[in-house]
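Descriptive structure summary
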Amino acid sequence: MSQILTITRPDDWHLHLRDGNVLNETIASSARSFGRAIIMPNLVPPVTDAGLASQYKARIAEQIPESSGFQPLMTLYLTDKTTRETILTAHNRGDVTALKLYPAGATTNSDSGVTDLENIHDALEAMAECGLPLLVHGEVTDANIDIFDREKVFIDRHLVKLVERYPTLKIIMEHITTADAAQFVSEGGENLGATITAHHLLYNRNHMLVGGIKPHYYCLPILKRNLHQQALLDAAVSGNRRFFLGTDSAPHAVGAKESSCGCAGCYTAPAAIELYAEAFENMGALDKLEAFASFNGPDFYGLPRNQDTITLVKEDWTMPESIAFGDNRVKPLRAGETITWRLKTQP
Ligand SMILES: NC(=O)N[C@@H](CC(=O)O)C(=O)O
Ligand SMILES: [Zn+2]
Ligand SMILES: [Zn+2]
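Because the structure is a prediction, the values reported are computed rather than measured.

Within the protein, the zinc ion (ligand 2) binds to H137 (ND1) and H175 (NE2); these donor distances fall in the range 2.0 to 2.1 Å. One way to put it: the four donor atoms around the zinc ion (ligand 2) meet at angles of 53 to 147 degrees, and that makes the site irregular. Separating the zinc ion (ligand 2) and the zinc ion (ligand 3) is a distance of 3.8 Å. Of this pair, H137 sits in the loop between strand 6 (134-136) and helix 5 (150-165) while H175 sits in the loop between strand 7 (171-173) and helix 6 (179-186), and the two are 38 residues apart along the sequence. Overall, H137 belongs to the buried group, its relative accessible area being 1%.

In structure tokens form, the structure reads like this:
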């Protein structure tokens, strides 16, 4: 008899669905297992106000498989020009769940991001007032700061002050990658949370760089050394309710990754919950997966937990080498390799 694991349906608190003719693929992959997902706004041009968010939501809704109850939770992209009114309108229209801070230049499609946190002071105050959380890509962009140190320097220079200055603002440090971030969040107050990706739990920079450079492991924040990976695993299984699942599944067409200037982002949605199960199993902590994947996120956001369940079976299958992606192909993480848990599809 294979091992079976049934948990409350999980949610994905950090997801890139992209737009246009790839939505059918990205949405189907996530809707297999997740009930809700926080939809990242880094489109070109970015989703900067409630009107753009509801148009994007409608394009997503068209592609949600009929049998699925998948709910996209929309976010807005903060810029230097985001006003208090932008926030209040978003709150009043009710279609926006959170706002995303990309330091300008930090990652994929972040050129319109924030150049100085002072520029969004009014927006942050308005968010604190109306209870809209701030999601942070926490990396500095200074050319003289080493790419492996950018998360820690962001915490020291900016996050410490943000948390102090806006004590009632809910802040989620997205896709944490360092022991420093895990420690900062675990020592923080009830309004500070963090998402952790499956790939940062399963991999470190050796996987990306030893024996040849492997572009499909390249994401931002970049994979760190193994002691950081271990700290993330410890945080994920710690039982601390402010750590929760966010895949940061971020597909790019295969040619855009296998290039002399390859894009950052790993496409993990085709096996996301299965990969988290592997990571938790490696830690001997499968009993901690449900809280991390299905309880901590909605509890932090003040949303109800999902009512239904999913079932995972301990059974090998092989991830396809590539998947249709609009007019292109996308290589998922683990392409052509074995995945050791399988999602049981509902009868
Ligand atoms: N994580 C990534 O490496 N890439 C993301 C952007 C992001 O989440 O920083 C993307 O949109 O491709
Ligand atoms: Zn990011
Ligand atoms: Zn992301």
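Considered as a void within the structure, the largest pocket measures approximately 340 Å³ in volume. If you trace the largest pocket, you find 20 residues lining it, with R9, A31, R32, S67 and S68 closest to the centre. Elements that contribute at least two residues to the lining of the largest pocket include exactly helix 1 (23-31) and strand 13 (338-344). Residue classes in the lining of the largest pocket are distributed as seven nonpolar, eight polar and five charged.

Cross-referencing UniProt, the feature "modified residue: N6-carboxylysine" (unreviewed entry) maps to K100 in the present numbering. In this fold, K100 is placed in strand 5 (residues 96-101). Residue classification places K100 among the buried residues on the basis of a relative accessible area of 0%. Apart from the residues within four sequence positions on either side, K100 is in contact with H14, M40, P41, L76, Y77, L78, L135, V136, H137 and E174.

Before going further, it helps to spend a moment on the site of ligand 1. Contacts to ligand 1 come from 15 residues, most closely from R18, N42, T107, L220 and D248. A distance of 3.1 Å is found between an oxygen atom of ligand 1 and a side-chain nitrogen or oxygen belonging to T108. Here ligand 1 loses 100% of its free accessible area of 320 Å² to cover by the protein chains. Taken atom by atom, the bulk of ligand 1 overlaps the largest cavity.

About the cut-offs
- Residues numbered from 1 in each chain as written.
- Chains lettered and ligands numbered in written order.
- Predicted model: local features only at pLDDT ≥ 70, side-chain atom pairs only at ≥ 80, totals over all residues.
- Heavy atoms only, no water.
- Donors = N, O, S within 2.8 Å, 3.2 Å for Na, K, Ca; no water.
- Tetrahedral: all angles 85-135°; square planar, octahedral: opposite > 155°, others 65-115°.
- Helix = DSSP H or I, 4+ residues; strand = E, 2+ residues; numbered from the N terminus.
- Buried < 20%, exposed > 50% of the residue type's maximum accessible area, 1.4 Å probe, protein only.
- 1 Å grid on protein atoms, 1.4 Å probe; cavity = no way out; pocket = protein on both sides within 12 Å on 5 of 7 lines; lining within 4 Å.
- Points joined across faces, edges and corners; volume = space filled by probe spheres on them.
- Nonpolar A, V, L, I, M, F, W, Y, C, P; charged D, E, K, R; others polar.
- UniProt positions renumbered as here; feature names shortened; annotations may be inferred.
- Contact = heavy atoms within 4.5 Å.
- Near = heavy atom within 4 Å.
- Polar contact = N/O pair within 3.5 Å; in protein donor to acceptor, adjacent residues only side chain to side chain.
- Areas by Shrake-Rupley, 256 points an atom, 1.4 Å probe, with all protein chains shown as cover.
- Sits in = over half its atoms within 2 Å of the grid points.

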